[in-house]
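So you can see what is in the structure, the chains are spelled out below.
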Amino acid sequence: MRLNKFYNNIEDSYLFSTISKKISLYKSKNPSADLIKMGIGDVTRPLCSATIDAMDKAVHDMAEAETFHGYGPEQGYEFLREKICNYYGDLGVSVGIGEIFVSDGAKSDVGNILDLFARDNKVLIPDPVYPVYVDTNIMDGREIIYIDANEENGFLPMPNESQEADIIYICSPNNPTGAAYNKEQLKRWVDYAQSMNALIIYDAAYEAFVDDSGLARSIFQIDGARKCAVEICSLSKTAGFTGVRCGYTVISEDLEMDGMNINKMWIRRQSTKFNGVSYIVQRGAEAVFSPEGRAQIKTNINYYKENAKIICDLMRELKIWFTGGENSPYIWFKCPGNRSSWEYFDYLLENANVVGTPGSGFGKNGEGFFRLSAFGSRENTIKAVERIRKLNDFLVRDNKYGI
Ligand code: PLP
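Residues numbered from 1 in each chain as written. Predicted model: local features only at pLDDT ≥ 70, side-chain atom pairs only at ≥ 80, totals over all residues. Heavy atoms only, no water.

Caption draft 1: Representation of the domain arrangement of the protein within the structure. We note that the domain assignment places domain 1 (5-39 + 292-397) and domain 2 (49-290) within the protein. Between domain 1 and domain 2, the C-alpha centre-to-centre distance is 26 Å. Facing the 31 residues of domain 1 at the interface are 40 residues of domain 2. Between domain 1 and domain 2 lies a buried interface of about 3100 Å² when both sides are counted; carbon and sulfur atoms form 58% of it. When residues of domain 1 are sorted by the area they lose upon contact with domain 2, F6, R294 and N327 head the list and together hold 22% of the total. There are 5 salt bridges connecting domain 1 and domain 2. The tally of links between domain 1 and domain 2 comes to 21 residue pairs in polar contact (both at pLDDT 80 or more). Of all elements in the fold, only α10 (291-317), β11 (322-324), β12 (330-334) and β15 (369-373) reach the threshold of two or more residues within the side of domain 1 that touches domain 2. (Domains from an automatic or database assignment. Contact = heavy atoms within 4.5 Å. Buried area = accessible area lost by both parts, 1.4 Å probe. Salt bridge = Lys/Arg side-chain N within 4 Å of Asp/Glu carboxyl O. Polar contact = N/O pair within 3.5 Å; in protein donor to acceptor, adjacent residues only side chain to side chain. Helix = DSSP H or I, 4+ residues; strand = E, 2+ residues; numbered from the N terminus.)

Structural data, given as structure tokens:
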């Protein structure tokens, strides 16, 4: 037998394991240190009560023969898909129930959708980036072309019309940079994709953080996107489902490329390789879209956004260049003192006991940048900001680093 040798081409992911090792080492030397972790992208607020009540009821449904549910439809229960259609309707986007595919989260769909594409497609991926886009394509042996996101373009790269591509990844609001495209910018991407006959894989995992009406919450708010894009979304950050697992992918029924219908291919793929998301979870997800659920998740999102604002205010006060934080839970900033990402990681860990994520872990253009997450508690966010401010006062006083 032979194995998939393309796995040899995937770089080992040292980012989070190195962070853990550094934290363990620091703690072993400083057992009483009060570390504040602002590195990981996991949520901390509990599920909203509408979801808990719905899942509680669903558990009881499973206890009675009359309301028990076995295998569900691979595409998801209609009760949930209908609510997702209405959610899109509120954005002014018309999506049919046959265009919604309920999943166990965005990460699986981001990887699984590659089943539909031939190996010889050219893939365009921004750098820095959520590493899953890169690794899943390398596993399949596809050629990747990187497009630079950097300080100059505000970490929002625009298409280069002379660059050929078949598959294009866009994540907005972005992980790790927090930057979000406005509708005009996305229109240029849609036009570019159409001119290349390429497909956009649009990751909308953070759409719920967008308040600014000039920014897009869905690629389908852009004219022409139904003909060249699929959208992958998640309830992980929207409703705290990181441990519950539910998301959805939207593929227009008339999305045709290379003589085939992508919606039909995805139905075929899912019904062959996926047996759906549990009834209990889908009932919990349905409640997210109820009026009470929507109000309750908004409270949680606003809580994180207030944390983000506290961090952004510090960046402005210290005159540190940053993106994100406004329509995103991530604040992405330039490491003060021209440090490298890892130098700044160590510096912040040792001097402020704050843990963040080195930008270099997300691609070469992330070097010299750093990501802080607003998913922690208010108390810890305030404490971390005070420590960084104090640290900075000290630096300025001693004229150590120009900021
Ligand atoms: N897409 C992006 C950009 C993410 O940052 C994440 C998680 O951090 C995901 C997808 C994965 O989401 P899920 O929990 O739905 O698998």
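Caption draft 2: Structural detail: the site of the ligand. A106, D203, Y206, S234 and S236 are the nearest of the 14 residues found near the ligand. A distance of 2.6 Å separates a nitrogen atom of the ligand from a polar side-chain atom of D203. Within the side chain of S236, a nitrogen or oxygen atom sits 2.6 Å from an oxygen atom of the ligand. A total of 400 Å² of accessible area belongs to the ligand in isolation, and the protein chains cover 90% of it. Structurally, the ligand is housed in the largest pocket. Among the secondary structure elements, those contributing two or more residues to the shell around the ligand are α4 (106-112) and α7 (236-239). Here the residues of the shell around the ligand are counted per class, giving 6 nonpolar, 4 polar and 4 charged. (Near = heavy atom within 4 Å. Areas by Shrake-Rupley, 256 points an atom, 1.4 Å probe, with all protein chains shown as cover. 1 Å grid on protein atoms, 1.4 Å probe; cavity = no way out; pocket = protein on both sides within 12 Å on 5 of 7 lines; lining within 4 Å. Sits in = over half its atoms within 2 Å of the grid points. Nonpolar A, V, L, I, M, F, W, Y, C, P; charged D, E, K, R; others polar.)

Caption draft 3: Local environment of the sheet that holds strand β7 (residues 229-234). What the 7 strands build is an open sheet, ordered β2-β8-β7-β6-β5-β3-β4; its pairing is mixed. Of all the strands in the sheet, the pair left with one neighbour each is β2 (100-103) and β4 (143-148). Strand-to-strand twist across the sheet, computed as the mean angle between neighbouring axes with direction ignored, equals 20°. As paired strands, strand β3 (residues 122-127) and strand β5 (residues 167-171) are joined by 2 bridges and run parallel to one another. Considered in β5, the bridge of L124 is made with I168. The strands that helix α3 (residues 78-90) touches are β2, β7 and β8 (247-251); relative to β2, the one it contacts most, it runs at about 120°. Against the sheet, helix α8 (residues 262-273) engages β2, β6 (199-203) and β8, with an angle of about 145° to β8. (Pairing = 2+ DSSP bridges. Axes fitted to C-alpha atoms, helices over the stretch in contact; angles between N-to-C directions.)

Caption draft 4: Examining the environment of A50 more closely. Relative to the assigned elements, A50 resides in helix α2 (residues 49-61). When its relative accessible area of 13% is taken as the criterion, A50 is described as buried. Discounting chain neighbours no more than four positions away, the residues touching A50 are A287, S290, G293 and Q296. (Buried < 20%, exposed > 50% of the residue type's maximum accessible area, 1.4 Å probe, protein only.)

Caption draft 5: Geometry of the packing of α3 against helix α9 (residues 279-288). Running from N to C, α3 and α9 cross one another at 25°; their axes reach a closest spacing of 9 Å. Judged by the inter-axis angle, α3 sits roughly parallel to α9. Crossing of α3 over α9 shows left-handed handedness. Mapping the contact onto sequence places F79, L80 and K83 in α3 and Y279, Q282, R283, A285 and E286 in α9. Of the residues that constitute the contact of α3 with α9, the class distribution is 4 nonpolar, 1 polar and 3 charged. (Parallel < 35°, antiparallel > 145°, perpendicular 65-115°, else oblique. Left-handed = near helix turned anticlockwise from the far one by under 90°.)

Caption draft 6: Here's a closer look at the layout of surface pockets. Size it by volume and the largest pocket reaches roughly 1300 Å³. Lining the largest pocket are 42 residues, with F16, Y130, P131, V132 and F362 positioned closest to its centre. Sorting the residues of the lining of the largest pocket by element identifies α1 (15-29), α4, α5 (131-139) and α7 as the ones contributing at least two each. In terms of residue count, the dominant contributor to the lining of the largest pocket is α5 (7 residues). (Points joined across faces, edges and corners; volume = space filled by probe spheres on them.)

Caption draft 7: Looking closely at α3. The end-to-end C-alpha distance of α3 is 18 Å, a good match for the 18 Å that 13 residues give at a rise of 1.5 Å each. Buried within α3 we find F79, L80, R81, I84, C85, Y87 and Y88. G92 lies just past α3 and shows a positive phi near 85°. (Expected span 1.5 Å × (residues − 1).)

Caption draft 8: Broad picture of the side chain of T381. Looking at the element boundaries, T381 is found in helix α12 (residues 378-397). Take T381: its relative accessible area is 2%, and that puts it in the buried class. Ignoring anything within four residues of it in the chain, the contact list for T381 reads M38, N307, I310, I311 and G376.

Caption draft 9: Expanded view of the sheet that holds strand β14 (residues 357-358). One open sheet holds the 4 strands; their spatial order is β11-β12-β15-β14, and the pairing between them is antiparallel. Strand pairing shows two members of the sheet lacking a second neighbour, β11 and β14, which therefore form its edges. The pairing of β14 with β15 spans 2 bridges and is classified as antiparallel. Residue pairing in the sheet places T357 in a bridge with R371 of β15.

Caption draft 10: Focus on the pattern of salt bridges. Across all of its chains, the model carries 23 salt bridges by this definition. Here D90 ties to R294 by a salt bridge, and the two come within 3.0 Å at their closest N and O atoms. Here D90, found in helix α3, pairs with R294, found in helix α10; they are 204 residues apart in sequence, far enough to count as distant. The exposure class assigned to R294 is partly exposed, which follows from its relative accessible area of 29%. For the salt bridge of K298 with D211, the shortest nitrogen-to-oxygen distance reads 3.1 Å. Linking K298 in helix α10 with D211 in the loop between β6 and β7, this pair joins segments that are 87 residues apart in sequence. By relative accessible area, D211 is classed as partly exposed at 46%.

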